[in-house]
Amino acid sequence: MIPPGMKFGWNQKTGLNHILTSWKSIDDPTPGEFSSGLDPDTHSIPQFFLYRNSVPHRRSGPWNGCILNGLFSDQIDLINITFVSNDNEIYPKFSPTKGSVFSIIVLESMGLLKRLFWHESQRWVKVHVLP
């Protein structure tokens, strides 16, 4: 899970790529076979990859200035996405379009990448699922 405030991206000074790794199973928190992160070879045009056992499995599509093609396009009404890109780091920045929104990104053990929002009805609502 990516907690609020964590930068899900590439630190160009240290070379550290903040990635999300799945659990082995719902009951076993040891690292699973899936991970997701900003691809270091494409950081001039940011895009995220979903890896299975360190082999690219899916990709988000490149950042086109408005959205990551194919990944977060269905959230355009809820979230504004921009990319911070400077000499130090490259990462997406998610800002709510209306009011305050609490959201998380979860990578499940079977490779499903989910974006969840906390709804005022006191429950998590799935907004996006990437198979």
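Our subject is the structure that appears above.
Bear in mind the structure is a predicted one, so any value in this text is a computation, not a measurement.

Colleague: Which residues make up the packing of aromatic side chains, and what values do they have?
Modeller: With the rule as written, the count across this model stands at 2 aromatic pairs. Taken together, a centroid distance of 5.9 Å and an interplanar angle of 25 degrees make the contact between Phe49 and Tyr51 stacked. Each member of the pair Phe49 and Tyr51 is classed as buried.

Colleague: So what's going on with the environment of Pro31? Which residues, and what values?
Modeller: With respect to the element layout, Pro31 can be found in strand S3 (residues 28–38). The exposed category is assigned to Pro31, whose relative accessible area is 61%. When residues no more than four places from it in sequence are discounted, the contact partners of Pro31 are Thr21, Ser22, Trp23 and Lys24.

Colleague: So what's going on with the pairing of S3? Which residues, and what values?
Modeller: Regular strands show a simple pattern: their side chains alternate between the two faces of the sheet. Pairing between strand S2 (residues 20–25) and S3: 4 bridges, direction antiparallel. Bridge assignment links Trp23 to a residue of S3, and that residue is Pro31. Here S2 folds back onto S3 in antiparallel fashion, the turn holding 2 residues.

Thresholds, definitions, all that
Residues numbered from 1 in each chain as written. Predicted model: local features only at pLDDT ≥ 70, side-chain atom pairs only at ≥ 80, totals over all residues. Heavy atoms only, no water. Phe/Tyr/Trp six-rings, centres within 6.5 Å; stacked < 30°, edge-to-face > 60°. Buried < 20%, exposed > 50% of the residue type's maximum accessible area, 1.4 Å probe, protein only. Helix = DSSP H or I, 4+ residues; strand = E, 2+ residues; numbered from the N terminus. Contact = heavy atoms within 4.5 Å. Pairing = 2+ DSSP bridges.

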